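Geometric and topological summary
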Amino acid sequence: MGDPIPLLQELIKINSSTKAGANEAIAYCEQWLTDQGLPVKKIENNGFHMLVCEIGQGDHTVVLNGHIDVIEAEERQFQPYIKDGKMYGRGTVDMKAGVAAFMLAAAKLKDRPLTSRVMLQIVPDEETGGINGTKFLTENGYLGDFIICGEPTNMGIAIQSKGVLQLDITVQGKSAHGSRPWEGTNAITKAINLFEDILELPFAQESSPMFTKPSINLAKIQGGTVYNKVPDLCEMSLDIRYLPDQSPDDIVHQIQAITDATVSTHMCNNPVKTTADNPYVKALGESIKRITQLEKVTIFGQHGSNDGQFFNEYGGSAVEFGPVGSDWHGENEMVFIESVREYQDVLVNFILTLDDYLNNHR
């Protein structure tokens, strides 16, 4: 029962790219955890199912947060296979390997005399924003002091992530006959020019200790109706990943100051701001070195978002930490098998040694 690889294979076989598929995967995890004698609570929100499993006791609570949903893929990608020490398939590293290791770690720890509380959370919707899963859990008191999101990090610790600001911008032009474009104002070219100007705004030039700049993606653009008319309306959508210390309100104000276009916010999610000197981060780093024989642990910031963001406002310190793999969301997503096993061992070691580490490093 100590090997996470058979469980990982079974999880990959479940196409959890839809709500129904994610719920099927949640049901599989619930049965597996129950079979290991672990206490499991199934929670439902807006038709999404999720699991919470709590073991241990003590002054510190560590949350192991894993999402079971994946992005869509071809049917063949839900038939996992192993080659040259790597397992291929959708969700191998993002992040069913993390979930499988979490589950095995909980099973290994359940009968140990733990001095910290461990809360395993398995959620259904990280890939689509986490609103119905982790956000709902945090709002209902399922919180911790230190949160490990098992996203792929190649055994490094991602202590920060950019925030998400998604904007819809409606640009007005002036219509005219296509043969006389100088008599109108082309809303499409006006929108593109606005995008180029946004790239030069002060917020777009800023950096932080972990990031050289924000990420600004022109995600969608739509305008024009017929060939022989100057388009008088263009809608574009931006996906801005802002730096941890930037203000999304300030970013919107900067954009509004240079345009007469209508700017509306589609989504705004928080960054993760955990610091490198956080004692839990240091304790995790020691466990990584102890198990993997690495001399130095990579500490870095992620450009993408993760469910750790939802713990921020409640005082929890979140990180991403996961096994070694590549091409997540791609055609050849894979995870190194031995890395998954090492990852599980790191988690167990971290939990078992955490209290002593914190007491010795006050």
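In case you missed it, the structure is sitting above this.
Before going into details, it helps to say that this report is about the structure given with it. (Residues numbered from 1 in each chain as written. Predicted model: local features only at pLDDT ≥ 70, side-chain atom pairs only at ≥ 80, totals over all residues. Heavy atoms only, no water.)

**Thoughts on the overall build of the protein**
Scanning the protein from terminus to terminus reveals nine helices and 17 strands. On C-alpha atoms alone, the protein measures out to a radius of gyration of 23 Å, which is about the 21 Å that the 2.2 N^0.38 rule sets for 362 residues. Structurally, the protein occupies a C-alpha span of about 80 × 50 × 40 Å along its principal axes. Taken across its 362 residues, the protein has 53% of its residues classed as buried. In the protein, the proportion of contacts linking residues at least 24 apart, taken out of those at least 6 apart, comes to 80%. Working note: accessible area of the protein is about 16300 Å², and carbon and sulfur atoms make up 46% of it. Measuring between centres, the 29 positive side-chain charges of the protein sit 1 Å from its 48 negative side-chain charges. (Helix = DSSP H or I, 4+ residues; strand = E, 2+ residues; numbered from the N terminus. Rg over C-alpha atoms; globule rule 2.2 N^0.38 Å. Buried < 20%, exposed > 50% of the residue type's maximum accessible area, 1.4 Å probe, protein only. Contact = heavy atoms within 4.5 Å. Areas by Shrake-Rupley, 256 points an atom, 1.4 Å probe, with all protein chains shown as cover. Lys, Arg positive; Asp, Glu negative; His and termini not counted. Charge placed at Lys NZ, Arg CZ, Asp CG, Glu CD.)

**A closer look at the nonpolar core**
Counting 62 residues, the largest nonpolar core has Ile122, Ile148 and Leu284 as the members making the most contacts within it. The biggest single contributor to this core is helix H3 (residues 92-109), with 13 residues. For Ile148, the residues in contact, after removing those within four places along its chain, are Val63, Leu64, Asn65, Phe102, Leu284, Val319, Phe321, Tyr343, Leu347 and Phe350. Counting 23 residues, the second largest nonpolar core, distinct from the first, contains Leu165, Val171, Ile198 and Ile255. (Core = buried A, V, L, I, M, F, W, Y, C linked by side-chain atoms within 4.5 Å.)

**Focus: helix H2 (residues 19-35)**
For H2, which comprises 17 residues, the first-to-last C-alpha distance of 24 Å matches the rise-based estimate of 24 Å (1.5 Å per residue) to within 8%. Considered for burial, the residues of H2 that qualify are Gly21, Ala22, Asn23, Ala25, Ile26, Cys29, Trp32 and Leu33. Summarising the contacts, the buried residues of H2 are in contact with helix H1 (5-12), strand E2 (48-55), H3 and strand E6 (117-123). Among the residues trailing H2, Gly37 stands out with phi positive, at a value near 80°. (Expected span 1.5 Å × (residues − 1).)

As far as function goes, none of this settles anything; it's purely spatial.
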